[in-house]
Amino acid sequence: MKPLRFGIVGCGGIADTHGEALTRLKAEGLAEIVAATDALPERAQKFTSKYGGEAFESLEALLARPEIDAVTLCTPSGLHGPMAVLAARAGKHILSEKPLDVWIDAADQAIAAAEASGVVYGGIFQERFSPAARKVKKAIDSGAFGEIVLACAETKWYRSQEYYDSGDWRGTWKLDAGVFSNQGIHSLDKVQWLAGPVAEVLSATLCPSLHRNIEAETLGVVTLRFESGALGTLTMTTLAYEGFPERVDVSGTKGSAMLVGDHLAHFTTKEPYTDTENTPDTAPKDTGENTSSNPLALTGDGHLGNIRDFVLAIHEGRPPLVSARSARPAVKLLNMIYEKARVGPYA
Ligand SMILES: NC(=O)c1ccc[n+]([C@@H]2O[C@H](COP(=O)([O-])OP(=O)(O)OC[C@H]3O[C@@H](n4cnc5c(N)ncnc54)[C@H](O)[C@@H]3O)[C@@H](O)[C@H]2O)c1
């Protein structure tokens, strides 16, 4: 098996997490970084001097190189879709940071381009890879929770004005959107991964620009009806000083669970249930600095699991666990919420 050769597109904050994960996978003989590019050339230079590979002046120049098998997209969210289209046309496999794009039409164009080219297209939703999340998913899929009746998520985090000012794309409708798109997208993914697709956004009250000088929403409350008939709520903000761990809870007629960050805070089933494969830490941790107030305070474990699965999927000729098709419902729901709230392009 030859290592999969990666080009990194966008060498800002999250690219380091990809660099660290791919360095670990290089030690396992699975992958290596051979190229990087950034709109600011000094960032690509700095990245390649740390993780190896050649720095390229543009995405087009990087994509022209035949030795590159795959790209990871670590650029502003609203560039992911168009960049994935270019990568697919160049015959490169694609791993996109979350979300696939802010806008569903762009995500769908990228999925169509990848399917037409026959390349593997996956996304990052690293929270699906924690033992706690995997245990809950397996229990629900096995029927141990009975009929799911309710799925709720809360992302009550804190982002300062300085955070939004740190990149001119942050908080813009075109390239980022607001808390539901950037921070909350993990929950938009997780409630549907666990409880199935959302059929309808029943209500959506969002507050664009509240307490921050940005275009998109910093606060919102949404109610949902799932295709199964279950109901749900999403409560999200980046204004809650200094932030709580993200919470997702799912309730069924025979069992329920609550995920607090990557930890299992509650798990009950009416019938005995054992899962020897996934043994999560059940104690919610207060570790001081976390993603509630610092977007880059990630452990890196989730990304490593997510990126390893993508690489193995290509080596093994199977779809990745976070395929683009399975990352799509989060973007679809995001657009349904914005449409219901009549904000952004739906105003
Ligand atoms: N999975 C997670 O938990 C997680 C955490 C943080 C960020 N992210 C995602 O990662 C992406 C980037 O976020 P970030 O915080 O690293 O942002 P950032 O602003 O720190 O980095 C983005 C980089 O992209 C570069 N860039 C912009 N336009 C470009 C272009 N046309 N071509 C090449 N490079 C270009 C910028 O110069 C910058 O270096 C976002 O989509 C965000 O949602 C995911």
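Residues numbered from 1 in each chain as written. Predicted model: local features only at pLDDT ≥ 70, side-chain atom pairs only at ≥ 80, totals over all residues.

1. A look at the packing of helix α1 (residues 15–27) against helix α9 (residues 301–316)
Packed helices, taken two at a time, are described by their axes: the angle between them and the distance between them.
For step 1, the next point in the chain: The interhelical angle for the contact between α1 and α9, taken along N-to-C directions, is 55°, at an axis separation of 9 Å. Relative to α9, the element α1 is oriented oblique. The element α1 and its partner α9 pack so that their crossing is right-handed. On α9, the residues touching Thr17, His18, Ala21, Leu22, Arg24 and Leu25 of α1 are His303, Leu304, Ile307, Arg308 and Val311.
For step 2, the next point in the chain: The class makeup of the residues in the contact of α1 with α9 is 6 nonpolar, 3 polar and 2 charged. (Axes fitted to C-alpha atoms, helices over the stretch in contact; angles between N-to-C directions. Helix = DSSP H or I, 4+ residues; strand = E, 2+ residues; numbered from the N terminus. Parallel < 35°, antiparallel > 145°, perpendicular 65-115°, else oblique. Left-handed = near helix turned anticlockwise from the far one by under 90°. Contact = placed C-beta atoms within 7 Å. Nonpolar A, V, L, I, M, F, W, Y, C, P; charged D, E, K, R; others polar.)

2. Considering the domain arrangement of the chain
For step 1, the next point in the chain: Segmentation of the chain into domains returns domain 1 (4–126) and domain 2 (127–293 + 324–346).
For step 2, the next point in the chain: Using only C-alpha atoms to locate each centre, domain 1 and domain 2 end up separated by 25 Å.
For step 3, the next point in the chain: The partner domain 2 presents 21 residues to the 19 residues of domain 1 that form the contact.
For step 4, the next point in the chain: Those elements that provide at least two residues to the side of domain 1 that touches domain 2 are α5 (104–117) and β6 (121–123).
For step 5, the next point in the chain: It is α5 that provides the largest number of residues to the side of domain 1 that touches domain 2, a total of 4 residues. (Domains from an automatic or database assignment.)

3. So, the nonpolar core
For step 1, the next point in the chain: Residues Ala84, Ala88, Ile94, Ala110, Ala114 and Ile337 are the most contacted members of the largest nonpolar core, which totals 106 residues.
For step 2, the next point in the chain: When residues no more than four places from it in sequence are discounted, the contact partners of Ala88 are Ile94, Ala110, Ala113, Ala114, Ser117, Val119 and Tyr121. (Core = buried A, V, L, I, M, F, W, Y, C linked by C-beta atoms within 7 Å. Buried ≥ 20, exposed ≤ 12 C-beta atoms within 10 Å, placed from the backbone.)

4. Looking at the site of the ligand
For step 1, the next point in the chain: Of all residues adjacent to the ligand, which total 25 residues, the nearest are Gly10, Gly12, Gly13, Ile14 and Ala39.
For step 2, the next point in the chain: Classifying every residue of the shell around the ligand by side-chain character gives 12 nonpolar, 9 polar and 4 charged. (Near = placed C-beta within 6 Å.)

5. Quick notes on the sheet that holds strand β10 (residues 231–237)
For step 1, the next point in the chain: Reading across the sheet, the 7 strands line up as β8-β9-β10-β7-β11-β12-β13 and stay open at both edges, with mixed pairing between neighbours. Edge positions in the sheet fall to β8 (198–208) and β13 (263–269), since each of these pairs with one other strand and no more. With strand direction ignored, the average angle separating the axes of adjacent strands in the sheet is 5°. (Pairing = 2+ DSSP bridges.)

6. A short note on the sheet that holds strand β3 (residues 54–56)
For step 1, the next point in the chain: Ordered in space as β3-β2-β1-β4-β5-β6, the 6 strands form an open sheet in which the pairing is parallel. At either end of the open sheet lies a strand with only one pairing partner, and these are β3 and β6. Here the strands of the sheet are splayed against their neighbours by 25° on average, with no regard to which way each runs.
For step 2, the next point in the chain: Note: strand β4 (residues 70–73) against strand β5 (residues 93–96), 4 bridges, orientation parallel. Residue Val71 lies in a different strand from β5, and its bridge partner there is Ile94.
For step 3, the next point in the chain: Lying over the sheet, helix α4 (residues 80–89) contacts β1 (4–9), β4, β5 and β6, oriented at roughly 165° with respect to β5.

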